[in-house]
Amino acid sequence: MIETEAAPQNDFIREIIEDDLKTNKNNGRVATRFPPEPNGYPHIGHAKSVCLNFGIAAQYGGTCNLRMDDTDPSGESLEYVDSIINDVHWLGFDWQDRLFYASDYFEDLYRFAVQLIKLGKAYVCSLRADQIREYRGTLTEPGKESPFRNRSVEENLDLFTRMRAGEFADGVHVLRAKIDMSSPNITMRDPVIYRIKRSPHYRTGTQWVIYPMYDFAHCLSDSLEHITYSICTLEFENNRPLYDWIVAQLIPEPRPRQIEFARLNVTYTILSKRRLIELVENNHVNGWDDPRMPTIAGMRRRGYTPQAIRTFCAKIGVAKSDNLIDMSLLESCVRDDLNEQAPRAMAVLRPLRLVIDNYPEGRVEEFECANHPQNPDFGTRKVPFSRVLYIEADDFMEEPPRKYKRLGPGREVRLRNGYAIKYAGVVKDEKTGEITEIHCTYDPDTLHGAPADGRKIDGVIHWVSAAHSVKSEVRLYDRLFRIPNPVTQGDAFLEFLNPDSLEIITNCRVESSLKDAASGSRYQFERLGYFTADSVDSKPGNPVFNRIVPLRDSWAKVAAKG
RNA sequence: UGGGGUGUCGUCAAGCGGUAAGACACAGGCCUUUGGAGCCUGCAUUCGGAGGUUCGAAUCCUCCCGCCCCAGCCA
């Protein structure tokens, strides 16, 4: 089952749940929710929360709701709601009919606020925003009580009703919880729970001019949905006493419990929604699903599989200490999945002409090649072979360093799926001295298996028949997210946009059997890594390939060592 | 200098008083018609530091240090 397998290691949360199960706190129910604010596309950090919340629910036979936490109309939109729905589904999770919107609770929340006023636990404060800040005190000094703190219930009710009715301009009044202005926890110093904001809401339009704040709306939304565990990130730890306070005033037991975990950080990656929005709005990238983006949509386009992302989330674990996950773990997860799922093919990115001198001109053979080296279920494909081939320019070196196993003067290598060939000569451009063509001879007895005389052939290179190959477009993203650490520095954007890291290569040749590659297909091209046919830019018959997994340049390391 | 968290290998992360799991990374080897697959081996005498309790401490106690979060009418 997808949900269970995706559950990250979450021992401290499991412990809490199992204690509750023992004491039968919630009658054995486990109910979680994934509550994004629809003000951006979900990213890999959200995936961690999605896997956690749905995973926990599945582990205990419970439920997980999807809830749009849309209490601040500015920045929220239907487009983002759609992206969340789409991406969570794509990741493999199902909330069935439990899709909710905090905005659907506006009427309930309003009534809760009225109730709080009647309890004498909330008041309308008419201080200006800057005054409220001033009265709040500082980290080390207690705050001062608002002069409006002791308004009568009747006056508060009257004012709050008129706030809703639109009688006041934005900002002239707010509703505050009456808690403790001298609390060492600043969150508890009479927090604002309702504000006037004349900003049309993407769902409720202009129906409301007052909107509940997160602290008020979230815990009560959880309560309305009978959530048992409200799992959120660490920065809300200071808000937990407020969460408990509000719920204690208005909701009978059993009440939802907030549990915090550390949010995801990945090396070289920006996961701040504010910054991602900036990248999109300033056109630094081509939208939220740009393959360079750490969004689910971007990763999907780049070729990541839901499985790989789920595995990643399961492997990183869930704890309370700040973390910075090495991107190599993410890459390892895709490689692992794709190694099993991706059919193999051959491609050449930087073509170098290779002529087999002793192979008859005009002759064409077709080799039956396995689409997967380990799994015969993938079947085979026919690959044409002829006298003139293209090989990867890197696969030939005139002065090969030690340990180089590919082609060079005097050497013999195997053409993947084909014959062993032996170096015969090289042709250079007279002016530049650049190698333009390699000449080889082939050994006809080596098509299947090693040569009869027992000589060993170490190197294997891939190739494509020049006359039969098809030209396609490949986009190389050397690493998924080319953003240097520390990501908090402003110049991160410059690096992100560095054209050197976004090289686009257009003269790639892909063997003909691939020219009908369907959109969204993933291939591992021999020795080059995993590629996906880009589902947005590719056309049938001429796919555009994104390279999705960087292969470690181990050869470069060997060469560096000498 | 207030409050809330958190510190175990390069990076994550188990461990809950009985003598440091696992993963990624890294290194070496074997094997292979992708060097990037597969297999094998190595990789924390020590758990932020210093004391203490105990036969025994990463785990309990004391003090100290580092890092993160909180002063939006954001979430």
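Above this note sits the structure.
The model shown is predicted, which means the values in this text are computed figures rather than measured ones. (Residues numbered from 1 in each chain as written. Chains lettered and ligands numbered in written order. Predicted model: local features only at pLDDT ≥ 70, side-chain atom pairs only at ≥ 80, totals over all residues. Heavy atoms only, no water.)

Novice: What exactly am I supposed to notice about unusual backbone geometry here?
Specialist: The general pattern is negative phi for most residues beyond glycine and trans for most peptide bonds. Cis geometry marks the peptide bond from Glu253 to Pro254; its omega dihedral reads -5 degrees. Counting through the fold element by element, Pro254 comes out in the loop between helix H9 (240-250) and strand S9 (257-261). Although it is not a glycine, His226 sits at a positive phi angle of roughly 55 degrees. Tracing the backbone through its elements, the reader meets His226 in the loop between helix H8 (214-224) and strand S8 (229-233). (Helix = DSSP H or I, 4+ residues; strand = E, 2+ residues; numbered from the N terminus.)

Novice: Sorry, what's going on with the pairing of S9 here?
Specialist: Along any regular strand the residues' side chains alternate between the sheet's two faces. Burial runs high along S9: four of the five residues are buried. Here S8 runs beside S9; their pairing, made up of five bridges, is parallel. Each bridged residue has a counterpart across the sheet, and for Ile231 the counterpart in S9 is Ile259. With H9 bridging S8 and the parallel S9, this β-α-β connection has right-handed handedness. (Buried < 20%, exposed > 50% of the residue type's maximum accessible area, 1.4 Å probe, protein only. Pairing = 2+ DSSP bridges. Right-handed = clockwise from strand over helix to strand, strands pointing away.)

Novice: Explain the sheet that holds strand S6 (residues 192-196) to me, please; I cannot follow it from the model alone.
Specialist: Strand pairing in a sheet is mediated by backbone hydrogen bonds. Such pairs are either parallel or antiparallel. Strand order across the open sheet formed by four strands is S4-S5-S6-S7, with antiparallel pairing between neighbours. In this open sheet, the two strands that pair with only one neighbour each are strand S4 (122-125) and strand S7 (210-212). Across the sheet, the mean angle separating the axes of adjacent strands is 20 degrees when strand polarity is ignored. Strand direction decides the pairing type here: S6 and S7, joined by three bridges, are antiparallel. Directly across from Ile196, in S7, lies its bridge partner Ile210. (Axes fitted to C-alpha atoms, helices over the stretch in contact; angles between N-to-C directions.)

Novice: Sorry if this is basic, but what is going on with the pattern of salt bridges here?
Specialist: In a structure, side chains of opposite charge can pair up when their charged atoms sit close to one another. One pass over the full model with this rule turns up 33 salt bridges. The partner of Lys382 in a salt bridge is Glu368, with the nearest N and O atoms 3.2 Å apart. You can see Lys382 sitting in strand S14 (residues 380-385) and its partner Glu368 sitting in strand S13 (residues 365-370), a full 14 residues away along the chain. A residue is classified by how much of its surface remains accessible, and Lys382, at 46% relative accessible area, is partly exposed. (Salt bridge = Lys/Arg side-chain N within 4 Å of Asp/Glu carboxyl O.)

Novice: Teacher, can you tell me more about the packing of aromatic side chains here?
Specialist: The geometry of an aromatic ring pair comes down to the distance between the two centres and the angle between the two planes. Scanning the entire structure with this criterion turns up 20 aromatic pairs. Ring centres of Tyr214 and Phe236 lie 4.9 Å apart, and the angle between their planes is 35 degrees; this geometry places the pair in the tilted category. In this pair, Tyr214 is assigned in helix H8 and Phe236 in the loop between S8 and H9, connecting sequence segments 22 residues apart. For Tyr214, a relative accessible area of 24% corresponds to the partly exposed category. In this structure an aromatic cluster arises from ring pairing among Phe106, Tyr110, Phe160, Tyr194, Trp208, Tyr211 and Phe216. (Phe/Tyr/Trp six-rings, centres within 6.5 Å; stacked < 30°, edge-to-face > 60°.)

Novice: Help me understand the pairing of strand S16 (residues 412-415), please; the structure alone is not making it clear to me.
Specialist: In this structure, S16 lies alongside strand S17 (residues 420-428), joined through three bridges in antiparallel fashion. Paired with Arg414 across the bridge in S17 is Ala420. What sits between the antiparallel neighbours S16 and S17 is a turn of four residues, in which Asn417 has the positive phi angle 70 degrees. Bridging between S16 and strand S19 (residues 460-461) involves two bridges; their strand directions are parallel.

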